[in-house]
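Single-letter residue listing:
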Amino acid sequence: MLKDKVDVLMVGTGEYTTGFVGGTASDSDKGAGVVALTMFDLRRRGKVDHVAMCGVNGKKFPGIRNHMKRCIEDVYNDMDLTCKTFPGDDEVNPKSYVNAVASCKPGDVAIIFTPDDTHFDIALECINKGMHVMVTKPIVQTLRDHKILAEAAKEKNVLVGVEVHKRLDPFYADARDRARSALGNFQYMYAYMSQPKHQLETFKAWAGKSSDISYYLNSHHIDFSEWTLAGIARPVRVTATSSTGVAKARGMETEDSITLTVQWQNFNDKTLGCGVYTSSWVAPKSDVHSQQRFFYMGTKGEINVDQGHRGCTVGQDGKPFASVNPLFMKYTPTNGDFSGQNGYGVRSFENFIDACQTINDGKKTPDDFNDGSIATVHTTFQGTAILEAGRMSLDSDGQPMDLIYENDTDIDPIEIRPHQF
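Residues numbered from 1 in each chain as written. Predicted model: local features only at pLDDT ≥ 70, side-chain atom pairs only at ≥ 80, totals over all residues. Heavy atoms only, no water.

1. Points about the overall build of the chain
Rule in force here: Helix and strand definitions here come from DSSP, where helices need a minimum of 4 consecutive H or I residues and strands a minimum of 2 consecutive E residues; each element is numbered from the N-terminal end. Throughout, the radius of gyration refers to the C-alpha atoms, and the reference size of a globule is 2.2 Å times the residue count to the power 0.38. Three labels apply to residues, based on accessible area from a 1.4 Å probe with only protein chains included: buried if under 20% of the type maximum, exposed if over 50%, partly exposed otherwise in between. Residue contacts are counted whenever heavy atoms from the two residues lie within 4.5 Å of one another. The Shrake-Rupley method, run with a 1.4 Å probe, gives the accessible areas here. Residue values count only the displayed protein chains as cover. A positive count includes Lys and Arg, and a negative count includes Asp and Glu. His and the chain ends are not counted in either. A charged residue contributes its charge at one atom only: NZ of Lys, CZ of Arg, CG of Asp or CD of Glu.
Secondary structure summary: the chain contains 12 helices and 18 strands in total. Here the C-alpha radius of gyration of the chain, 21 Å, is about what a compact globule of 421 residues would show, namely 22 Å. With the C-alpha coordinates of the chain rotated into their principal frame, the extents come out at 60 × 55 × 40 Å. By residue count, 56% of the 421 residues in the chain fall in the buried class. Look at the contacts in the chain between residues 6 or more apart in sequence, and 71% of them connect residues 24 or more apart. Total accessible area on the chain is roughly 17,600 Å²; 50% of this is exposed by carbon and sulfur atoms. Put simply, the chain has 45 plus and 54 minus side-chain charges, and the middle of one group is 2 Å from the middle of the other.

Here you go:
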């Protein structure tokens, strides 16, 4: 018998899932979280049934439950926060996801928001169970691991996607369509994304140890380029540079800012374009949590987008002046109800849940979503290759890295090699 709702396992209990960081609500723009709030609202609206959450330290769960009651149940009407949790409240178990996945069934959905270096093992466990999987960007850190996940997803016939919500931002989506339809071949792009330096504390468990700020933030605009330039151009060379000092002064061996310079080659005439992607987590606190902007130029026109400033500012007693972005997440209730369903932070997950339901119903196949409607594991190889090549370049004192393809028309890199001058 077909089920008209999906069961969801959330893997990861941090800022993006619950909004709970360091024993209290995050002071970012996601204090009530995104993933858990969205899943509870989807259950209220009849699209999700059972919800479970998995972390490493079960001792955090009493605080997380209190936090979600205060920020979700006490704020919005009809929010059922019933949620099975792994591991137990008195346990610490880095492999608790194995037990959590074992409790699930084929056709269930896993949403993974954990440190970058854990994505591969957790996602593969879920895929092998026959679950549909959505992984926060970057889906993995190496081209090798990406290929393994893609092959496993195909073998198990499940949908595996990357959570890159910028694709649903109306400004970014319109810019993408304009670039593809009217701006000609790719020439140049500059993208910048930052977070304030107190985020170094939020991410201190893994920052510089298992990942870096480029994997964490440059992944957004690199995905935008891969999505926008699909069939138009492909990346062929990556060179990375960095800034250091602030994090190291805090005892963290990691870069403050990372810039990836990516050479793209247009398919139709082999001309070259250049993309420059900079990310930082040492910005000062300002009117936005994250500065986000890009400039795009094609052979026939250009676009500027400032995602951090949407023309809406708020001043409130006891709070700093802020430029807000309700297009991402609208936390303010309407007549007591959560009313943020149109935010692209919510829609990113709802679209994936809807896609999984249509697959479970037999109305569509996972391959149907390789059309760009969802960033699937099969259509995001370039992003992984660029990010891995960037890390390789940094570790080789800035040596350029070449992305290798099987032929002149292929779009998926198969290898990364140091450039020979």
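2. Remarks on the side chain of K166
For the record, the criterion: We define a salt bridge as a contact between a side-chain nitrogen of Lys or Arg and a carboxyl oxygen of Asp or Glu at a distance within 4 Å.
Among the secondary structure elements, K166 is positioned in the loop between β8 (160-163) and α7 (170-182). Summary of buried charges: K166 has no salt-bridge partner, and the nearest side chain of opposite charge, D169, is 5.5 Å away. Setting aside chain neighbours within four positions, we find K166 in contact with Y172, M193, H220, Q292 and Q307.

3. Comments concerning empty space enclosed by the protein
Applicable threshold: A cavity, in this analysis, means grid points on a 1 Å lattice covering only the protein atoms where a 1.4 Å probe fits yet has no way out; a pocket is instead an open set bounded by protein on both sides within 12 Å along at least five of seven lines, and a residue lines either one if it has an atom within 4 Å of a point. Grid points are joined across faces, edges and corners, and a volume is the space filled by probe spheres set on the points.
Tallied over the full model, the rule gives one cavity of 30 Å³ or more. Reported here for the largest cavity is a volume of approximately 110 Å³. Along its surface, the largest cavity is lined by 13 residues, and V162, S219, D223, G383 and T384 are the ones closest to its centre. Of all the secondary structure elements, the ones that give two or more residues to the lining of the largest cavity are α9 (213-228) and α12 (381-395). For the lining of the largest cavity, the leading source of residues is α9, giving four residues.

4. Digging into the sheet that holds strand β17 (residues 401-404)
Selection rule: One bridge is not enough; two strands pair if DSSP finds at least two bridges between them. Helix axes are fitted to C-alpha atoms over the stretch in contact, other axes to C-alpha atoms as well, and angles between N-to-C directions run from 0 to 180 degrees.
Ordered in space as β14-β13-β9-β12-β11-β10-β17-β18, the eight strands form an open sheet in which the pairing is mixed. Each edge of the open sheet carries a strand with a single partner, namely β14 (301-306) and β18 (415-418). Ignoring strand direction, the axes of neighbouring strands in this sheet form an average angle of 15°. Examined bridge by bridge, strand β11 (residues 257-266) and strand β12 (residues 272-283) share nine bridges and lie antiparallel to one another. Opposite S257, over in β12, you have S280 as the bridge partner. In the packing of α9 onto the sheet, contacts are made with β9 (186-196), β11, β12 and β13 (292-298), and the angle to β12 comes to roughly 150°.

5. Focus on the pattern of salt bridges
Per the stated rule, a full pass over the model turns up 21 salt bridges. Between R45 and D41 there is a salt bridge, and its shortest N-O distance comes to 3.0 Å. Taking relative accessible area as the criterion, R45 reaches 31% and is therefore assigned partly exposed. For K47, the salt bridge is made with D354, and the minimal N-O distance between the two is 3.1 Å. Pair noted here: K47 is in the loop between α2 (35-44) and β4 (48-54) and D354 is in helix α11 (residues 344-360), with a separation of 307 residues, a long-range link. A relative accessible area of 26% places K47 in the partly exposed class.

6. Observations regarding the pairing of β13
In summary, the side chains of a regular strand alternate between the two faces of the sheet. The element β13 is largely enclosed, with a buried count of five among its seven residues. For β13 and β14, the ladder comprises six bridges, and the chain directions are antiparallel. Residue pairing across strands places R293 opposite D306, the latter belonging to β14.

7. What to know about the nonpolar core
For soluble globular proteins, the rule of thumb is that nonpolar side chains tend to be buried together. Here is the rule: Think of a nonpolar core as a cluster: buried Ala, Val, Leu, Ile, Met, Phe, Trp, Tyr and Cys residues, connected wherever their side-chain atoms sit within 4.5 Å.
Membership of the largest hydrophobic core comes to 81 residues, with the highest contact counts inside it found for L9, V133, L149 and F294. If one sorts the elements of this core by residue count, α9 sits on top with seven residues. Sequence-distant contacts of V133, defined by excluding residues within four places in its chain, comprise A110, I112, A123, C126, I127, L159, V160, G161 and F352. Formed by 45 residues, the second largest nonpolar core is a distinct cluster that contains M10, F20, C71 and C83.

8. Brief notes about the environment of C104
Summarising the element assignment, C104 is placed in the loop between α4 (96-102) and β6 (109-112). Separated by 190 residues in the primary sequence, C104 and F294 have C-alpha atoms spaced 41 Å apart.

9. Points about α9
In plain terms, the rule: Expected helix span is given by 1.5 Å per residue-to-residue step, counting one fewer step than there are residues. Bend is the name given here to the angle between axes fitted to two runs of seven residues, the run ending at a residue and the run starting at it. Within 3.5 Å is the distance limit for a polar contact, defined as a pair of N or O atoms, with the added protein rule that one can donate a hydrogen and the other accept it, and that residues adjacent in sequence qualify only through two side-chain atoms.
In this model α9 runs 23 Å from its N-terminal to its C-terminal C-alpha over 16 residues, within 8% of the 22 Å that 1.5 Å per residue would give. The principal kink in α9, of about 50°, is found at S219. In terms of burial, α9 is a largely internal element, 16 of the 16 residues being buried. The N-terminus of α9 is capped by D212, whose side-chain oxygen sits 3.0 Å from the backbone nitrogen of S214.

10. Observations regarding the layout of surface pockets
Selection criterion: Three classes are used: nonpolar for Ala, Val, Leu, Ile, Met, Phe, Trp, Tyr, Cys and Pro, charged for Asp, Glu, Lys and Arg, and polar for all others, with Gly counted as polar.
In this structure, the second largest pocket spans a volume of roughly 250 Å³. Lining the second largest pocket are 17 residues, and of these E226, A230, N370, T379 and I411 sit closest to its centre. Looking at the lining of the second largest pocket residue by residue, the class counts come to five nonpolar, seven polar and five charged.

11. Quick notes on the packing of aromatic side chains
Threshold: Each pair of aromatic rings taken from Phe, Tyr and Trp, with Trp reduced to its six-membered ring, is defined by centres within 6.5 Å and is described as stacked if the planes are under 30 degrees apart, edge-to-face if over 60, and tilted in the remaining cases. Charges are assigned to positions over rings by a cutoff of 6 Å between ring centre and Lys NZ or Arg CZ, combined with an angular limit of 35 degrees from the ring normal.
For the coordinates displayed, the defined rule picks out 17 aromatic pairs. Pairing F186 with Y296 gives two aromatic rings, centres 5.5 Å apart and planes at 35°, and the pair type is tilted. Of the two residues, F186 sits in strand β9 while Y296 sits in strand β13, which places them 110 residues apart along the sequence. Taking relative accessible area as the criterion, F186 reaches 1% and is therefore assigned buried. Accessibility expressed as a relative area gives 3% for Y296, which makes it buried. Through a chain of ring-to-ring contacts, three or more aromatic side chains come together here, namely Y172, F224, W227 and F294. Over the aromatic face of Y216 sits the side chain of K137, whose NZ or CZ is 4.1 Å from the ring centroid. It is R234 that lies over the ring of Y405; its NZ or CZ is 4.0 Å from the centre.

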